[in-house]
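Below, each chain spelled out in residue letters.
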Amino acid sequence: MMNATPREQLAEQLAEAAAEALRRDLAQQERALLVLSGGSTPVPFFQALAKQELPWERVEVTLADERWVNESDEASNARLVRRHLLQGKAAAASFVVLTTDDETPEQGVEAVTQRIEALTWPASLVVLGMGGDGHTASLFPDSRELELGLTTDAPVLATRTPSQPQPRITLSADRLHQARRHVLHITGDDKRSVLARAMSGDDSRELPIRAFLSCPLAVYWAP
Ligand SMILES: O=C(O)[C@H](O)[C@@H](O)[C@H](O)[C@H](O)COP(=O)(O)O
């Protein structure tokens, strides 16, 4: 990519790695699962991944977490994935969303759990993001369900967090660990400092990203 910024180069490198992981697993199995995080960081990664040559009809895509909003809402992670990843040939992928027509995530969690359990586990790759508070997926330090999210063997749970405007639904730490590969995709100096602080301690309740420092974790970071 001529004159690409460091973040664009990072997105391209992560897209190449993600596609290679899927190809390797698809050489051994019929279908392969990719678990993605939302937010703003992954958009260039989604756009680069959409251009990768893959048997997309054999790829399953789901989210690590979701805001409990309609897909028409700008805050929807599913909207982000459909707009930036599921385009062109990548539109053939099977996309499993984490919302239902229920009013609340607590009402929808059982149906979403069945959808998630039916996917091809272990996932080929889980791509995590991280907030400035050290949250990942929707495992937030100030969430009253954080302890549950870090300890349950249930695949999915609803979370409510004072710092977040919407109720959320998230895969549990246990389920997010059920992957062959884990990536943390972050950018900027603030998040680099948060990761450094996370690496110097071990209390996941303070910085939930720490729950993923006990497994191989490829950090994709650019300034
Ligand atoms: O729904 C979400 O918001 C994400 O899944 C969340 O865990 C995200 O990865 C971090 O909040 C970082 O978000 P940014 O990339 O926007 O900083």
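Residues numbered from 1 in each chain as written. Predicted model: local features only at pLDDT ≥ 70, side-chain atom pairs only at ≥ 80, totals over all residues. Heavy atoms only, no water.

The name an unreviewed UniProt entry gives the protein chain is 6-phosphogluconolactonase, with Billgrantia ethanolica as the organism. Taken verbatim from the UniProt record of the protein chain, the Function (unreviewed entry) comment is "Hydrolysis of 6-phosphogluconolactone to 6-phosphogluconate." Taken verbatim from the UniProt record of the protein chain, the Catalytic activity (unreviewed entry) comment is "6-phospho-D-glucono-1,5-lactone + H2O = 6-phospho-D-gluconate + H(+)". (UniProt positions renumbered as here; feature names shortened; annotations may be inferred.)

Before we go on, may I ask you to explain the site of the ligand in this structure?
As a structural note, the neighbourhood of the ligand is formed by 14 residues, with Thr41, Asp65, Arg67, His135 and Lys191 the closest of them. The separation between an oxygen atom of the ligand and a polar main-chain atom of Gly38 is 3.3 Å. Taken by itself the ligand offers 410 Å² of open surface, and the protein chains cover 87% of this. When atom positions are compared with the pocket grids, the ligand is found to occupy the largest pocket. (Near = heavy atom within 4 Å. Polar contact = N/O pair within 3.5 Å; in protein donor to acceptor, adjacent residues only side chain to side chain. Areas by Shrake-Rupley, 256 points an atom, 1.4 Å probe, with all protein chains shown as cover. 1 Å grid on protein atoms, 1.4 Å probe; cavity = no way out; pocket = protein on both sides within 12 Å on 5 of 7 lines; lining within 4 Å. Sits in = over half its atoms within 2 Å of the grid points.)

Please explain the nonpolar core as it appears in this structure.
Soluble, globular proteins show a tendency: their nonpolar side chains are buried together. Val35, Phe45, Leu49, Leu85, Ile116 and Leu176 are the most contacted members of the largest nonpolar core, which has 70 residues in total. By residue number, the principal contributor to this core is helix 1 (residues 6-26), which donates eight residues. (Core = buried A, V, L, I, M, F, W, Y, C linked by side-chain atoms within 4.5 Å. Buried < 20%, exposed > 50% of the residue type's maximum accessible area, 1.4 Å probe, protein only. Helix = DSSP H or I, 4+ residues; strand = E, 2+ residues; numbered from the N terminus.)

So what exactly am I meant to see when it comes to the UniProt feature "domain: Glucosamine/galactosamine-6-phosphate isomerase" (unreviewed entry) in the protein chain here?
The positions UniProt marks with the feature "domain: Glucosamine/galactosamine-6-phosphate isomerase" (unreviewed entry) are residues 7-213. What you have in residues 7-213 is 33% helix and 16% strand, and the ends, taken at the C-alpha atoms, are 23 Å apart.

Can you walk me through the sheet that holds strand 7 (residues 168-171) in this structure?
Backbone hydrogen bonds are what pair the strands of a sheet, in a parallel or an antiparallel way. Strands sit in the order 3-7-6 across an open sheet of three strands; the sheet is antiparallel. Of all strands in the sheet, those with a lone pairing partner are strand 3 (65-67) and strand 6 (156-159), marking the two edges. In this sheet, adjacent strand axes meet at a mean angle of 20° when their direction is disregarded. In this structure, strand 6 lies alongside strand 7, joined through four bridges in antiparallel fashion. Within strand 7, the residue paired with Val156 across the bridge is Leu171. (Pairing = 2+ DSSP bridges. Axes fitted to C-alpha atoms, helices over the stretch in contact; angles between N-to-C directions.)

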